[in-house]
Amino acid sequence: MSVFTDETRERAREIIARYPADRSRSALLPLLHLVQAEEGYVSPAGVQFCAEVLGLNKAQVGAVATFYTMYKRKPTGDFLVSVCTNTMCNVLGGQEVYDTLAEHLGVGHDETTADGKITLEHAECLAACDYGPVMTVNYDFFDNVDPQGALGVVEELRAGGRPMPTRGARLCTLKEMAVQLAGFADERDGAVADGGPGEPTLRGLRLAEQHGISVPGYDPNTPIRSKAEADKAAAEAKAKAEAAKPAPTAAPAKGGDGAATPVHAAGTGEPAKAGDGASAPTGPAATGTGDPAKAGDDTSAPATSGTGKPAKPEQIGGSTAPDVKAPDDKSPQVRTAETRQPDADTAVADAPGTKVPVDSTAPAPRDAQAAEAAGAAANAPAGDGKPAGDEAGAQERNLKEAESGTGANGAGPAVASETGVQK
């Protein structure tokens, strides 16, 4: 088993530190690139390393490593040559380029030359249809290639040279590229000094210049603000907007017929008469007992529905649903784990239909046999594609032989289960 260097372990800690403590598993993708940078592929040792540092199991890591084609599961050459054979590039000659390289190098798809220099693969799409047919070397582009041009590139690589890509920086090995994909800068001298965009990429810009099209108010020299500066500017803008809002004014409450709501004259206990200036006061409201409302009393008027009666909840908020308590502070990873694999310590299930497991009596053998026979009978044969031995008669025969304890030629139970289908 490979032992990773101290530098790799230090870089792994740096990668994990980029993510919140309860989101550390998000570091898996760059970590897989990191172990590939040391070994040239994601080995079983690399899978175990990622699982250990992230607290995952190897099956979880392996599922991700096998999903993405950029993670290689067997030793790969210094230079990964990928030829696009998808529709556009194929029409333009991509398949011919691939076939020429395969014959010249003596390897097929995902195979490496004997000198360990070149690994060849056909790619379904390299996202550069306007440059087709295209070929990449360690993900740097060689555009508009033809068979002879592709042969020249691989021969220069095998001779120790570094041909210049059509677009992009100077070529590096696959291990060096994996370091960059893990999130670390290319430290080679002048590594990013070359390259540039191709004409098809700049076509839109050229047309905009010809027709005088530009983004309104755009200043290309405007510096990009840091997150702290952007947050500060947003807070200042919000405070300025709040300060510019006019102070709210209290409006007199209306009755259902549009008449002013009667109030009691202060200190008399009688309704105020018309012409007394007894419209609803904007200051302290009367309490209905003849005394003016005191400070601290809730003097806000209840909302009305337009009929003089208090409005119903659905008229105020648009919904009669009760308030729902916010989710707890569990991380999504913990909640998912408890939902999928609850145990005796999981007090309450986190998803509908999830049950906390309890000890129960195992089903009787006869119940299991009946259930299996019923399931087999309920599934109609699937035709010639159905796997051998998956037919109800053979299953029932196996069950009978296992129950009797003897199989063909007096074989024991274990042999009976294996030979039942053969009979």
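Residues numbered from 1 in each chain as written. Predicted model: local features only at pLDDT ≥ 70, side-chain atom pairs only at ≥ 80, totals over all residues. Heavy atoms only, no water.

Caption draft 1: Molecular detail of the side chain of S82. As for its position among the elements, S82 is in strand β1 (residues 79-84). The buried category is assigned to S82, whose relative accessible area is 1%. In this structure S82 touches E121, A123, L126, V134, M135 and T136, once residues within four positions along its chain are discounted. (Helix = DSSP H or I, 4+ residues; strand = E, 2+ residues; numbered from the N terminus. Buried < 20%, exposed > 50% of the residue type's maximum accessible area, 1.4 Å probe, protein only. Contact = heavy atoms within 4.5 Å.)

Caption draft 2: Highlighting empty space enclosed by the protein. Applying the stated rule across the entire model yields 1 cavity of 30 Å³ or more. Considered as a void within the structure, the largest cavity measures approximately 40 Å³ in volume. Residue classes in the lining of the largest cavity are distributed as 9 nonpolar, 1 polar and no charged. (1 Å grid on protein atoms, 1.4 Å probe; cavity = no way out; pocket = protein on both sides within 12 Å on 5 of 7 lines; lining within 4 Å. Points joined across faces, edges and corners; volume = space filled by probe spheres on them. Nonpolar A, V, L, I, M, F, W, Y, C, P; charged D, E, K, R; others polar.)

Caption draft 3: Looking closely at the pattern of salt bridges. Overall, the coordinates contain 10 salt bridges when judged by the stated rule. With a shortest N-O distance of 3.2 Å, E199 and R206 are connected by a salt bridge. Using a relative accessible area of 30% as the deciding quantity, one classes R206 as partly exposed. Counted as one network, the salt bridges with shared partners bring together D115, E155 and R158. (Salt bridge = Lys/Arg side-chain N within 4 Å of Asp/Glu carboxyl O.)

Caption draft 4: Fine view of helix α6 (residues 94-105). Between its terminal C-alpha atoms α6 stretches 17 Å, which fits the 16 Å expected from 12 residues at 1.5 Å a residue. By the burial criterion, the buried members of α6 are G94, V97, Y98, L101, A102 and L105. End-on, the buried residues of α6 take up no more than an arc of 130°, which puts them together on one face. Those residues of α6 that are exposed and aimed more than 90 degrees away from the buried face are E96 and E103. On its buried face, α6 is in contact with β1, α5 (87-91), β3 (118-123), β4 (135-137) and α7 (147-158). Phi turns positive, to about 75°, at G106, one or two residues after α6. (Expected span 1.5 Å × (residues − 1). Arc of directions from axis to C-beta.)

This is a description of form; function is not addressed.
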